[in-house]
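# Residue-level structure breakdown
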Amino acid sequence: MDILEYPHPTLRHKTKSLRRVDADLRVTVTEMFRLMYDAAGIGLAANQVDLPYRVFVINLGSERGQDEEMVFINPVISRPKAPVEEEEEGCLSLPGVFAPVRRPSTIHLTAFNLAGEEIRSEFQGLLARVIQHEIDHLDGVMFIDRLSDTAEMAVRDELADFQRRFEQRRESGKIPADEKIRTRLELIEKTYC
Ligand code: ZN
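Small disclaimer: the values here were computed from a predicted structure and weren't measured.

## Digging into the overall build of the protein chain
- For the protein chain, the helix and strand inventory stands at 4 helices and 5 strands.
- Starting at the N terminus and walking to the C terminus, you meet the elements of the protein chain as α-β-β-β-β-β-α-α-α.
- For the protein chain, the C-alpha atoms occupy an extent of roughly 45 × 40 × 30 Å along the three principal directions.
- Buried residues in the protein chain amount to 47% of all 193 residues.
- For the protein chain, the distance from the average position of its 26 positive side-chain charges to the average position of its 34 negative side-chain charges is 5 Å.

## Considering unusual backbone geometry
- For the bond from Tyr6 to Pro7, the omega torsion is 0°, close enough to zero to count as cis.
- Its location among the elements puts Pro7 in the segment before α1 (23-38).
- In the Ramachandran plot, Ala40 falls in the positive-phi region, its phi being about 55° despite a non-glycine side chain.
- Relative to the helices and strands, Ala40 is located in the loop between α1 and β1 (43-45).
- Classification of Ala40 as exposed rests on a relative accessible area of 54%.
- Within the chain, Asn74 stands out as a residue other than glycine whose phi angle is a positive 45°.
- Note on placement: Asn74 falls in strand β3 (residues 70-89).
- Overall, Asn74 belongs to the buried group, its relative accessible area being 17%.

## Here's the deal with the pairing of strand β5 (residues 118-124)
- The pairing of strand β4 (residues 99-112) with β5 spans 7 bridges and is antiparallel. Bridged to Phe112 within β5 is Glu118.
- Linking β4 to β5, which pair antiparallel, is a turn of 5 residues; within it Gly116 sits at a positive phi near 80°.

## Re the coordination of the zinc ion
- Protein-derived coordination of the zinc ion comes from Cys91 (SG), His133 (NE2) and His137 (NE2), at a distance range of 2.0 to 2.2 Å.
- Each donor residue of the zinc ion lies on one chain, and together they are spaced C-x41-H-x3-H. With Cys91 in the loop between β3 and β4 and His133 in helix α2 (residues 125-138), this residue pair connects regions lying 42 residues apart in the sequence.
- With relative accessibility at 9%, the residue Cys91 sits in the buried group.
- Taking the relative accessible area as the measure of exposure, His133 reaches 8% and is therefore buried.

## Some words on the sheet that holds β3
- The 5 strands are arranged β1-β2-β3-β4-β5 in an open sheet whose pairing can be described as antiparallel. Because the sheet does not close on itself, it has two edges, and the strands there are β1 and β5. With direction set aside, neighbouring strand axes in the sheet form an average angle of 35°.
- With 4 bridges joining them, strand β2 (residues 55-58) and β3 adopt antiparallel strand pairing. If you follow Val55 over to β3, its bridge partner there is Ile73.
- Packing against the sheet, α1 makes contact with β1, β2 and β3, and its axis sits at approximately 45° to β2.

The rules behind each value
Residues numbered from 1 in each chain as written. Predicted model: local features only at pLDDT ≥ 70, side-chain atom pairs only at ≥ 80, totals over all residues. Heavy atoms only, no water. Helix = DSSP H or I, 4+ residues; strand = E, 2+ residues; numbered from the N terminus. Buried < 20%, exposed > 50% of the residue type's maximum accessible area, 1.4 Å probe, protein only. Lys, Arg positive; Asp, Glu negative; His and termini not counted. Charge placed at Lys NZ, Arg CZ, Asp CG, Glu CD. Pairing = 2+ DSSP bridges. Donors = N, O, S within 2.8 Å, 3.2 Å for Na, K, Ca; no water. Axes fitted to C-alpha atoms, helices over the stretch in contact; angles between N-to-C directions. Contact = heavy atoms within 4.5 Å.

Here you go:
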C-alpha cells in the first residue's frame with residue numbers, strides 16, 4: 001500500500017459505503033495509520049491508498065501515541081455552520097503544496113468507528129476542517145478544487161509538475177492504465193461495498 005499522488009485517477013473515484021467492519025478493514029486501517037505517520041500527516045482517506053470505500057483516519061498529533069487515533073467509517077456530514085473560516089491546507093497526495101481553503105468552522109457528523117459503534121457528534125476547528133477535507137477525498141474532491149482564483153494561480157506551476165511526473169511514471173509502466181485501475185476498484189467494491 002502506498003499513498004497516491006495527484007493526479008492519480010483513484011483520487012477522483014467516488015467511494016462507496018462499506019458493508020461491514022471486519023478483520024480485513026482493521027488491517028487496512030492499521031496500514032493507513034502507518035503510512036500517515038510516515039508522511040507526518042494528520043488525515044488519510046481510503047482512496048488516497050487506492051481503495052474505493054468510505055473510510056478515513058485522523059490523528060491531529062501526526063505521530064503515533066501523540067494524540068487520539070480516530071477512524072471514521074461511512075461518514076455522513078450535515079448542518080455545516082457559519083462562520084466560514086479560511087485556513088491553509090495541505091494534502092499527502094500533493095506533498096509540498098499548501099493553499100488557503102474556506103470551510104464552515106462547525107459540522108455535524110455521523111459515522112461508525114472500528115468497533116462498529118455509531119459516532120454522532122459535532123466537530124469544530126481543526127478537526128472539523130480535517131474531517132471536511134477527508135470527506136471531500138471520499139467524494140473524489142481535492143482541496144485544490146476549492147481554491148480562490150488567486151490561490152489557484154499561486155499553485156498552478158506546482159500542480160503542473162505533479163502532472164508531468166505522473167505522466168512520466170505512467171509511460172514507464174509504474175502506473176496502470178485508467179481502465180485497469182477502474183476494474184481493480186470495481187472488484188474491491190464487489191467484495192466490500
Ligand atoms: Zn488530502
